Amino acid sequence: MAKLAINGGPPVRTRPWPRWPQWDEREEQRVRDVLHSDDWGGFAPVVAEFEHAFAQYHGAAFGIAAVNGTQTLVAALMAVGTGPGDEVIVPPYTFIATASAVRLVGATPVFADIEADTYNLDPDAAEAAITSRTRAMIPVHFAGHAADIDRLTVLARRHGLVLIEDAAHAHGASWRGRMCGSLGDVGSFSFQSSKNMTAGEGGVLTTNDRALADA
Ligand SMILES: Cc1ncc(COP(=O)(O)O)c(C=O)c1O
């Protein structure tokens, strides 16, 4: 068996990782434009332009920008009316926000295990976790690998559950040709500094449901 690098063997990787985040004069120009516009607020025209472009790219009709990908989950849960007494099924393998957002609206996160081969919410485990109090499920597209939306959608419809995609890692990702963020009732993205697409911090919600977007 090969000797691990930690024990003096050859390292698997010798080149440094690419620089992150990556940006060039295009981002710099857009930031300068905003700076000089004297219009830095959330209702500035560039925000609406971004919301629209991001949503459209992900196959969703509406985009709503927010401060981060935790508040987007909170807003999604509030928009669908989740609160105290409700249970929301989440995977245990994720960032804390998937579960803490549920607590932030006063509901109870219920963990259902992940699939061994995808690390995403296991539909069988999710089904076993459903009770009369379950209101929603939040599958995570972990590391940009889409959760099994076909089976989760069937489950959601059968039990009248809301499907909120935690797409914090899934910018540009797809499931059988359909973009993540447009597969459930609401999609939630993060632009935190480690994400595939970053603004340092930030988040956006996507949905095809006008009433949910308004809410
Ligand atoms: C799966 C997942 N959900 C939600 C979040 C929360 O996003 P934010 O850090 O923008 O609040 C993150 C990452 O930080 C995440 O990895």
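Located above this text is the structure these notes cover.
The structure reproduced in this document is the subject of the present report.

Quick look at the environment of D113 now. Topologically, D113 is positioned in the loop between β3 (108-111) and α5 (123-129). Of the residues examined, D113 reaches a relative accessible area of 48% and is grouped as partly exposed. With sequence-adjacent residues up to four places away left out, D113 is seen in contact with P92, L121, D122 and A125.

Let us now look at the nonpolar core. Residues I89, A112, A126, M137 and L152 are the most contacted members of the largest nonpolar core, which totals 27 residues. Mapped by element, the contributors of at least two residues to this core are α5 and α6 (149-159). In terms of residues, this core owes the most to one element, α6, which gives four residues. For A126, the residues in contact, after removing those within four places along its chain, are I89, A112, L121, M137, L152 and L155.

Two numbers describe how helix α3 (residues 71-79) lies on helix α4 (residues 97-104): the axes approach to 9 Å, and their chain directions differ by 45°. Classified by the angle their axes make, α3 and α4 are oblique. For the pair α3 and α4, the crossing hand works out as right-handed. Mapping the contact onto sequence places L73, V74 and L77 in α3 and A97, T98, A101, V102 and L104 in α4.

Attention shifts here to the environment of S188. By secondary structure assignment, the location of S188 is in strand β8 (residues 186-190). Judged by relative accessible area, S188 falls into the buried class, the value being 0%. Residues S188 and G63, spaced 125 residues apart in sequence, show a C-alpha to C-alpha distance of 9.8 Å. Residue contacts for S188: discarding those within four places in its chain leaves G69, T72, L73, E165, D166, A167, A168, V204 and L205. Within the local environment of S188, its side chain forms a polar contact with the side chain of T72, the two groups lying 2.7 Å apart.

Analysis parameters
Residues numbered from 1 in each chain as written. Predicted model: local features only at pLDDT ≥ 70, side-chain atom pairs only at ≥ 80, totals over all residues. Heavy atoms only, no water. Helix = DSSP H or I, 4+ residues; strand = E, 2+ residues; numbered from the N terminus. Buried < 20%, exposed > 50% of the residue type's maximum accessible area, 1.4 Å probe, protein only. Contact = heavy atoms within 4.5 Å. Core = buried A, V, L, I, M, F, W, Y, C linked by side-chain atoms within 4.5 Å. Axes fitted to C-alpha atoms, helices over the stretch in contact; angles between N-to-C directions. Parallel < 35°, antiparallel > 145°, perpendicular 65-115°, else oblique. Left-handed = near helix turned anticlockwise from the far one by under 90°. Polar contact = N/O pair within 3.5 Å; in protein donor to acceptor, adjacent residues only side chain to side chain.

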